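Summary of the model geometry
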Amino acid sequence: MTIEAFNQTLKGLDLPQRLAAIAKLPEGALVFTTSLGIEDQLITHHIATQKLPIKLVTLDTGRLFPQTYDVWQATEEKYGLRIQAMFPDAAATEALVADQGINGFYYAIEMRKACCHVRKVEPLNRALLGAKGWVTGLRGGQSANRDHLVFAEHDLARNLIKFNPLADYSREQVVAEVKALNVPYNVLHDQGFLSIGCAPCTRAIAPGEPERAGRWWWEDEANKECGLHVSEDGTLIRSKETAE
């Protein structure tokens, strides 16, 4: 089945069915990288309850909120599983802090991107090493940069298929399903933190602000990303087929 045909198939399925279909597709390891945000918690619930052969991994940057660790523990206890932690390389982290200071990311976008690379991008690349499929919790409505998100696409840089099973979900749908299913979620979501990353780089948003306005709020940018899903020019990584 082609990527285009698979996208059409996923469109007609609900989330549990989408994940079950994804689990059957790649000939090789499947990895779900969870940020422990509300979207990822919904995906984790369905992976766990269906016992799908999808590895759960999270990137522990060393700068997460205490509430994020709380939901991590609650998730493992509820579903009887382990979420594998990927940590930044110790030597690279020490060199980063020695160069820019502990909170140097506030001073220049290049310094912030360097921090994201060490703490998130490089650990992600290790997490996906050898994988044939990567499952994410991205939604098209999260930002303008993600507006044209599709369910499945080739990630040419990492030589795998990237799956976005929540591509057409609204935040309201995610919240409703999480609450109906009694899925553990980060209490910060109820305090105006719609998108949660590292503690020094995340704030609550005001009514009417975009979902990701609280991420790197000191930067004057329309489309802010940490580098996990974008190329060097800041655009969402797309294959040639899905970008057209």
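Up top you'll find the structure we're talking about.
Counting from 1, residues in each chain are numbered in the order their sequence is written. Confidence filtering applies because this is a predicted model: local features only for residues at pLDDT of at least 70, side-chain atom pairs given and counted only at 80 or more, and all residues used for totals across whole chains, interfaces and linings. Values reported for side chains reflect all heavy atoms of the structure, with hydrogen atoms and water molecules removed beforehand.

With that settled, the discussion passes to the side chain of Thr-33. Only runs of H or I of at least four residues qualify as helices and only runs of E of at least two qualify as strands under DSSP, and these elements are numbered from the N terminus. Here Thr-33 is to be found in strand β1 (residues 30–33). We call two residues contacting when some pair of their heavy atoms lies within 4.5 Å. Setting aside residues no more than four positions away along its own chain, Thr-33 makes contact with Asp-40, Val-57, Leu-124, Trp-134 and Val-135.

What follows is about unusual backbone geometry. Residues other than glycine seldom take positive phi values, yet Leu-36 does so here, at roughly 70°. Mapping Leu-36 onto the fold places it in the loop between β1 and α3 (38–50). Of note, Asn-182 is a non-glycine position whose phi angle comes to about 60°, a positive value. For Asn-182, the position within the fold is in the loop between α7 (171–180) and α8 (240–243). Exposure categories follow from relative accessible area, calculated using a 1.4 Å probe and restricted to protein chains: below 20% of the type maximum is buried, above 50% is exposed, and the middle band is partly exposed. Of the residues examined, Asn-182 reaches a relative accessible area of 57% and is grouped as exposed.

Looking now at the nonpolar core. Throughout this description, the term nonpolar core refers to a set of buried Ala, Val, Leu, Ile, Met, Phe, Trp, Tyr and Cys residues connected via side-chain atoms within 4.5 Å. Ile-47, Ile-54, Val-135 and Phe-163 are the most contacted members of the largest nonpolar core, which totals 38 residues. Of all the elements in the fold, those that place two or more residues in this core are α1 (3–11), α2 (15–24), β1, α3, α4 (66–79), β6 (160–163) and α7. When residues in this core are grouped by element, the largest group, 6 residues, is from α2. Other than its neighbours up to four places away in sequence, Ile-47 contacts Leu-19, Phe-32, Leu-52, Ile-54 and Leu-56. One finds Ala-127, Leu-128, Ala-131 and Leu-160 within the second-largest nonpolar core, a separate group that totals 10 residues.

Attention shifts here to the side chain of Arg-18. Structurally, Arg-18 can be placed in helix α2. N or O atoms closer than or at 3.5 Å make up a polar contact, with two conditions inside protein: a donor-capable atom paired with an acceptor-capable one, and, for residues adjacent in sequence, both atoms drawn from side chains. A polar contact of 2.8 Å, which involves the side chain of Arg-18, links it to the backbone oxygen of Pro-165. For Arg-18, the contacting residues outside a window of four places in its chain are Leu-10, Lys-11, Leu-13, Phe-151, Pro-165, Asp-168 and Tyr-169.

To continue, consider the packing of α1 against α2. Where α1 meets α2, the closest approach of the two axes is 9 Å, and the angle between their N-to-C directions is 150°. Relative to α2, the element α1 lies roughly antiparallel. Taken together, the residues of α2 that come into contact with α1 (itself represented by Phe-6, Leu-10 and Lys-11) are Arg-18, Ala-21 and Ile-22. Taken together, the residues that form the contact of α1 with α2 break down as 4 nonpolar, no polar and 2 charged. Note on geometry: axes are lines fitted to C-alpha atoms, helical ones only across the stretch in contact, with angles between N-to-C directions running from 0 to 180 degrees. For classification purposes, angles smaller than 35 degrees are called roughly parallel, those larger than 145 roughly antiparallel, those between 65 and 115 roughly perpendicular, and all remaining angles oblique. Polarity classes work like this: nonpolar for Ala, Val, Leu, Ile, Met, Phe, Trp, Tyr, Cys and Pro, charged for Asp, Glu, Lys and Arg, and polar for all others, with Gly in that last group.

A few words on the pairing of β6. A pair of strands is treated as paired once DSSP finds two or more bridges between them. Relative to β6, strand β4 (residues 133–135) runs parallel, the two sharing 3 bridges. Note on β6: the bridge partner recorded for Val-135 is Phe-163. Inspection of the sheet shows strand β5 (residues 152–155) paired to β6 by 4 bridges, in the antiparallel sense. Residue pairing for β6: Glu-153 is matched across the bridge by Lys-162.

This next bit is on the packing of helix α5 (residues 90–100) against helix α6 (residues 109–127). Viewed as axis vectors pointing N to C, α5 and α6 meet at an angle of 165°, and their least axial separation amounts to 10 Å. The angle between α5 and α6 places the two elements in the roughly antiparallel class. Note on packing geometry: the crossing formed by α5 with α6 is left-handed. The residues of α6 that touch α5, namely those facing Ala-92, Thr-93, Leu-96, Val-97 and Gln-100, are Met-111, Ala-114, Cys-115, Val-118 and Arg-119. Helix crossings are classified by the rotation of the near helix relative to the far one: an anticlockwise turn of less than a right angle makes the crossing left-handed, while a clockwise turn makes it right-handed.

Before going further, it helps to spend a moment on the packing of aromatic side chains. Aromatic ring pairs are defined here through the distance separating the ring centres and the angle between the ring planes. Geometry of aromatic contacts follows a simple scheme: Phe, Tyr and Trp rings, the Trp one being its six-membered ring, pair when their centres are within 6.5 Å, and the pair is stacked under 30 degrees between planes, edge-to-face over 60, tilted otherwise. Across all of its chains, the model carries 7 aromatic pairs by this definition. On the numbers, 6.0 Å between centres and 15° between planes, the contact of Tyr-69 with Trp-72 is stacked. Separated by 3 residues within a single helix, Tyr-69 and Trp-72 lie in helix α4, roughly one turn from each other. Geometrically, the ring pair formed by Trp-217 and Trp-218 is edge-to-face, given 4.9 Å between the ring centres and 85° between the ring planes. Classification of Trp-218 as partly exposed rests on a relative accessible area of 25%.

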